[in-house]
Amino acid sequence: MLDQLPLLPADPILGLAAAARADDNPNKVDLTVGIYMDEQGLCPVFDAVQQAQRALVEAETTKAYMPAAGDGAFNTGIQKLVFGDDSAPLLAGRISSIQTPGGCGALRIGAEVIAAAAPGAKVWVSDPTWPVHIPLLGSVGLKFENYRYYEPDSHGVNFDGMVEDLKQAGAGDVVLLHGCCHNPCGADLTLEQWGVVADMAEQQGFLPFIDIAYQGLGDGLDADAAGLRLLASRLPELIVAASCSKNLGLYRERTGATLFLCRNADSAAALQSQAQVAARRVYSMPPAHGAIIAGRVLSDAALRANWEAELRGMCERINGLRSQIRSKLEAAADRDFSFIEREKGMFSFLGLSKEQAHKLRNEHSVYMLDSSRINVAGVNARNIDALAAAVGQVVKG
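Residues numbered from 1 in each chain as written. Predicted model: local features only at pLDDT ≥ 70, side-chain atom pairs only at ≥ 80, totals over all residues. Heavy atoms only, no water.

Enquirer: Lay out the packing of aromatic side chains in plain terms, naming residues and giving numbers.
Expert: Under the counting rule described, the total for this entry stands at three aromatic pairs. Taking 5.8 Å as the distance between ring centres and 90 degrees as the angle between the ring planes, the aromatic pair formed by Tyr214 and Phe347 counts as edge-to-face. Remark: Phe347 occurs in strand 11 (residues 347-349) and Tyr214 occurs in the loop between strand 8 (207-212) and helix 9 (221-224); sequence separation between them is 133 residues. Accessibility expressed as a relative area gives 1% for Phe347, which makes it buried. With 5.9 Å between their ring centres and 45 degrees between their planes, Phe337 and Phe339 make a pair best called tilted. A single burial state applies to Phe337 and to Phe339, both of which are buried. (Phe/Tyr/Trp six-rings, centres within 6.5 Å; stacked < 30°, edge-to-face > 60°. Helix = DSSP H or I, 4+ residues; strand = E, 2+ residues; numbered from the N terminus. Buried < 20%, exposed > 50% of the residue type's maximum accessible area, 1.4 Å probe, protein only.)

Here you go:
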């Protein structure tokens, strides 16, 4: 039976990262996978996470299963982190959540619940979006439509096109939105534009499904959730997929949550039960280690302050890198790269062709996606000049 299955091509991002690792050029530049890297080129462990982890290892007395909904402190903490401590829906009991294996698990559980409520529902997805969105949501039978989002000429959001397309979304449809730090383009909606989306959702009846994987890495924890919170203040229902991979550095611990905003507390409890049943048939029980650590960091005042300070430093570094990259690229390529400073989060399209991206890879050992999407956080003082010089040579021919 198994002999019939062919070898499949590698994931385009992970395969390219593997090629970068295999490159023996000591001056190679790897800007492929979306992982935060520090100035030493390492993915750091937060000090608060290390403290919480040591305390957990010393105090843990069992390896029994977690509760089906996950760690209680984590669920409480992630609800407050996403919606705000003083969120009216949260205080009214209209929000429930379930701990999931990372943001991917959160998206899948959200999709499972949507499919239970409306089998074959249509999901409107931004063009472009994170490549794994469609396989994660489509695996349960949901259908897709694209809405215009990124405009290559302006390197910004084509909001008029987005609105025009989403006028076709109605009751029973789902609109997938990036909460902040859009992956892969880095171009975000303004708060005023979030208000227009809220108007449309109210009038047309579609359900927003918000993926917020980078909260804290754009303009700060509260500012990055402002659009999501605006929707929550006005709409009866929405679903959120949250991840702790980036803002708590828990990539390998697979720590995330699906959150449900509902009309009332009874509906919130019903949605949590639906999510737990969906989780049971997908992965059965949630992993413990990362969520317990995150729950401790979010609930302990000293650990929380320590974590927020370190996260602010990461955010400031990314925004500082954007300014440096712009300056270096403009000097080397004699082209306008000011859009890099206007974007948020870890990603940016450099506006290069597929052929130019291949030339950078093959002739200069500079690795970025064929779309010229780079991980801004992969740039540091040791490789920024090599990046700029290579781009300059390729652009000038």
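Having seen the model, we can carry on.
Enquirer: Any chance you could break down the environment of Tyr214 for me, citing the residues and the numbers?
Expert: Accessibility expressed as a relative area gives 6% for Tyr214, which makes it buried. A C-alpha to C-alpha distance of 6.5 Å links Tyr214 and Cys180, two positions 34 residues apart in sequence. In this structure, Tyr214 is in contact with Cys180, Cys181, Asn183, Asp224, Lys246, Met346 and Phe347, ignoring residues within four places of it in sequence. (Contact = heavy atoms within 4.5 Å.)

Enquirer: Explain the packing of helix 8 (residues 191-204) against helix 10 (residues 226-234) to me, and be specific about the residues and the numbers.
Expert: Two elements in contact, helix 8 and helix 10, have axes whose closest approach is 9 Å; the angle formed by their N-to-C orientations is 30 degrees. For the element pair helix 8 / helix 10, the angle class is roughly parallel. As helix 8 runs across helix 10, the sense of the crossing is right-handed. Residues Leu191, Trp194, Gly195, Val197, Ala198, Asp199 and Glu202 of helix 8 lie in contact with helix 10, whose contacting residues are Ala226, Gly227, Leu228, Leu230, Leu231 and Arg234. Class assignment of the residues belonging to the contact of helix 8 with helix 10 gives a composition of eight nonpolar, two polar and three charged. (Axes fitted to C-alpha atoms, helices over the stretch in contact; angles between N-to-C directions. Parallel < 35°, antiparallel > 145°, perpendicular 65-115°, else oblique. Left-handed = near helix turned anticlockwise from the far one by under 90°. Nonpolar A, V, L, I, M, F, W, Y, C, P; charged D, E, K, R; others polar.)

Enquirer: Tell me about the sheet that holds strand 4 (residues 143-148), and name the residues and values.
Expert: Judged by pairing direction, the sheet is mixed, and its seven strands sit side by side in the order 2-10-9-8-7-3-4 without closing on themselves. A single partner strand is all that each edge strand has here, and the edge strands are strand 2 (95-101) and strand 4. Recorded for the sheet is a direction-independent mean angle of 25 degrees between the axes of neighbouring strands. Taken together, the six bridges between strand 3 (residues 122-127) and strand 4 define a ladder with parallel strand orientation. In the strand pairing of strand 4, Ser126 is matched with Tyr147. Docked against the sheet, helix 11 (residues 265-282) engages strand 2 and strand 10 (255-261), running at close to 15 degrees with respect to strand 2. (Pairing = 2+ DSSP bridges.)

Enquirer: Quick one: what's the story with the packing of helix 5 (residues 102-117) against helix 11, residue by residue and with numbers?
Expert: Two numbers describe how helix 5 lies on helix 11: the axes approach to 9 Å, and their chain directions differ by 115 degrees. Here helix 11 runs roughly perpendicular to helix 5, going by the angle between their axes. In the packing of helix 5 onto helix 11, the handedness of the crossing is right-handed. In this structure, helix 5 contributes Arg108, Ile109, Glu112, Val113 and Ala116 to the contact, and helix 11 contributes Leu271, Gln274, Ala275, Ala278, Ala279, Arg281 and Val282.

Enquirer: So what's going on with the pattern of salt bridges? Which residues, and what values?
Expert: One pass over the structure, following the stated rule, counts 17 salt bridges. Here Asp165 ties to Arg148 by a salt bridge, and the two come within 3.0 Å at their closest N and O atoms. One end of the pair, Asp165, is in helix 7 (residues 159-166); the other, Arg148, is in strand 4, and 17 residues separate them in sequence. In this structure, Arg326 and Glu341 form a salt bridge, with 2.6 Å as the shortest nitrogen-oxygen distance. Of this pair, Arg326 sits in helix 13 (residues 301-333) while Glu341 sits in helix 14 (residues 339-342), placing them 15 residues apart in sequence. Members of the salt-bridge network, linked through shared partners, are Arg108, Glu112 and Arg281. (Salt bridge = Lys/Arg side-chain N within 4 Å of Asp/Glu carboxyl O.)

As far as function goes, none of this settles anything; it's purely spatial.
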